[in-house]
Amino acid sequence: DLSNRVAIIVPKATEGSPLADPRVREAVDLAINKKVIIEKLLGGAATPVRTRVTSGNVGANEALFDVETVDVEKAKQLLKEAGYENGVELTMQATDGRYAKDKDVAEMVAGMLEAAGIKVKLEFPEWNTYLELRRANKVADLHMLWLANSFFDAHIMIGEHLTGTRKLEDLGYDNPKLVELLTKAEKNMNEEERVKQYQEAQEIIAEERMRIYLYLEHNTYGVSEQVDFKPRLDEMFRVYEIKSK
């Protein structure tokens with residue numbers, strides 16, 4: 001069954017970082033073969049995405065769902081254009097054992113990036129240390145997270161991009177159009193307009209590679225034939241919804 005949990009790479013594009021150049025961020029995205037990760041590590045139980053607001057959520061942009069972006073040769077060309085003809089070195093942080101196959105996925109991503117000319121130094125901080133690094137904005141060039149969405153709504157983008165521990169300015173981004181869209185959508189009572197605002201915002205984030213989204217996890221459940229149970233997108237178990245047949 002589908003979940004709301006998406007694997008995300010967050011590029012830190014502050015001044016002086018190679019990732020401040022959008023061509024380098026795009027190269028990172030194009031170097032990653034999401035379908036190979038899904039097939040080799042996740043048993044096919046995931047869907048490649050370019051957004052965190054996935055199907056089943058208000059404001060989902062279906063054009064960014066079930067899409068692959070891999071193009072290693074273009075990634076190499078973009079690095080060359082950005083002045084990194086001989087490659088570039090980045091540090092990436094990820095978790096180990098908190099999310100499904102998290103370390104394995106990070107290691108495979110690092111291998112794919114290296115094949116395109118992006119050498120990655122991998123770090124796996126203990127979870128509480130990782131949280132402190134994020135709160136203090138001391139994350140590495142790239143860091144990975146597997147985040148869910150309990151809102152069932154694109155409103156999750158407000159906290160992530162405007163007010164959260166990884167908000168735009170802390171990561172080196174300045175996009176007034178995106179800020180305007182998210183600010184208006186947060187207060188818009190016209191649902192049709194609001195959905196369009198969030199959909200456009202997702203396109204900006206995807207094209208600017210402010211986040212590099214990999215895949216939406218699928219969850220697997222074992223259920224007795226005597227139990228009436230329907231999995232939820234938010235992965236919560238509300239016991240009063242589970243009934244005997």
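Everything below is about the structure printed above this text.
Everything in this summary refers to the structure shown in the same document.

### Section: the nonpolar core
If you look at the biggest cluster of nonpolar residues, it comprises 41 residues, and the most contacted ones within it are Leu-214 and Tyr-215. Per-element tally for this core: the top contributor is helix α4 (residues 102-115), with six residues. Ala-154, Ala-185, Ile-204 and Met-210 belong to the second largest nonpolar core, which has 29 residues in total.

### Here we look at unusual backbone geometry
Backbone geometry at Asp-66 places phi at a positive 60 degrees, although glycine is not the residue there. As for its position among the elements, Asp-66 is in the loop between β2 (46-48) and α3 (72-81). One non-glycine residue, Phe-152, lies in the positive phi region at around 55 degrees. Positionally, Phe-152 belongs in the loop between β5 (142-147) and α6 (156-163). Look at Phe-152 and you get partly exposed, because its relative accessible area is 27%.

### Some words on α4
With 14 residues, α4 extends 20 Å from end C-alpha to end C-alpha; this agrees with the ideal 20 Å at 1.5 Å per step. For α4, the full list of buried residues reads Asp-102, Val-105, Ala-106, Val-109, Ala-110, Met-112 and Leu-113. Buried residues along α4 cover an arc of 165 degrees about the axis, so they all sit on one side. Downstream of α4 by one or two residues, Gly-117 has phi in the positive range, about 105 degrees.

### Some points on the pattern of salt bridges
Counted according to the given criterion, the structure contains 17 salt bridges. Between Glu-73 and Lys-76 there is a salt bridge, and its shortest N-O distance comes to 3.6 Å. With Glu-73 and Lys-76 both in helix α3 and three residues apart, this pair spans about one turn of that helix. Relative accessible area serves as the criterion here: at 55%, Glu-73 is assigned to the exposed category. What makes Lys-76 partly exposed here is its relative accessible area of 35%. A salt bridge links Lys-177 to Glu-200; the shortest N-O distance between them is 3.9 Å. One end of the pair, Lys-177, is in helix α7 (residues 176-187); the other, Glu-200, is in helix α8 (residues 191-208), and 23 residues separate them in sequence. A relative accessible area of 40% means that Lys-177 is categorised as partly exposed. Glu-200 gets classed as partly exposed once you look at its relative accessible area, which sits at 32%. Several salt bridges share partner residues, and in doing so they unite Asp-29, Arg-50, Glu-207 and Arg-209 into one network.

### Some points on the environment of Ile-118
Within the secondary structure, Ile-118 is located in strand β4 (residues 118-123). A relative accessible area of 0% places Ile-118 in the buried class. Taking the C-alpha atoms as reference points, Ile-118 and Glu-89, separated by 29 residues in sequence, lie 5.8 Å from one another.

### Digging into the packing of aromatic side chains
Counted by the stated rule, this structure contains three aromatic pairs. Ring geometry for Tyr-99 versus Trp-127: centroids 6.2 Å apart, planes at 85 degrees, classification edge-to-face. You can see Tyr-99 sitting in the loop between β3 (88-93) and α4 and its partner Trp-127 sitting in helix α5 (residues 127-135), a full 28 residues away along the chain. Here Tyr-99 and Trp-127 have matching classes, each one buried. Taking the centre distance of 6.0 Å and the plane angle of 90 degrees together, the rings of Trp-127 and Tyr-130 count as edge-to-face. One end of the pair is Trp-127 and the other is Tyr-130, both in helix α5 and three residues apart, which spans about a single turn. Feature note: the residues Tyr-99, Trp-127, Tyr-130 and Trp-146 constitute an aromatic cluster, connected by ring pairs. A cation over a ring is seen here: Lys-103 above Phe-124, with NZ or CZ 5.4 Å from the ring centre.

### A word on the pairing of β4
Regular strands place their side chains on alternate faces of the sheet. Pairing between β3 and β4: six bridges, direction parallel. Across the sheet, residue Val-88 finds its bridge partner in β4, namely Ile-118. In this fold, β3 hands off to α4, which returns the chain to β4; that crossover is right-handed.

### Some remarks on the pairing of strand β1 (residues 2-11)
In terms of residue burial, β1 counts as a mostly covered element, since nine of its 10 residues are buried. Where β1 meets β5, six bridges bridge the pair, whose relative direction is antiparallel. From the neighbouring strand, Val-10 faces β5, where its bridge partner is His-143.

Criteria and thresholds
- Residues numbered from 1 in each chain as written.
- Predicted model: local features only at pLDDT ≥ 70, side-chain atom pairs only at ≥ 80, totals over all residues.
- Heavy atoms only, no water.
- Core = buried A, V, L, I, M, F, W, Y, C linked by side-chain atoms within 4.5 Å.
- Buried < 20%, exposed > 50% of the residue type's maximum accessible area, 1.4 Å probe, protein only.
- Helix = DSSP H or I, 4+ residues; strand = E, 2+ residues; numbered from the N terminus.
- Expected span 1.5 Å × (residues − 1).
- Arc of directions from axis to C-beta.
- Salt bridge = Lys/Arg side-chain N within 4 Å of Asp/Glu carboxyl O.
- Phe/Tyr/Trp six-rings, centres within 6.5 Å; stacked < 30°, edge-to-face > 60°.
- Lys NZ or Arg CZ within 6 Å of the ring centre and 35° of its normal.
- Pairing = 2+ DSSP bridges.
- Right-handed = clockwise from strand over helix to strand, strands pointing away.

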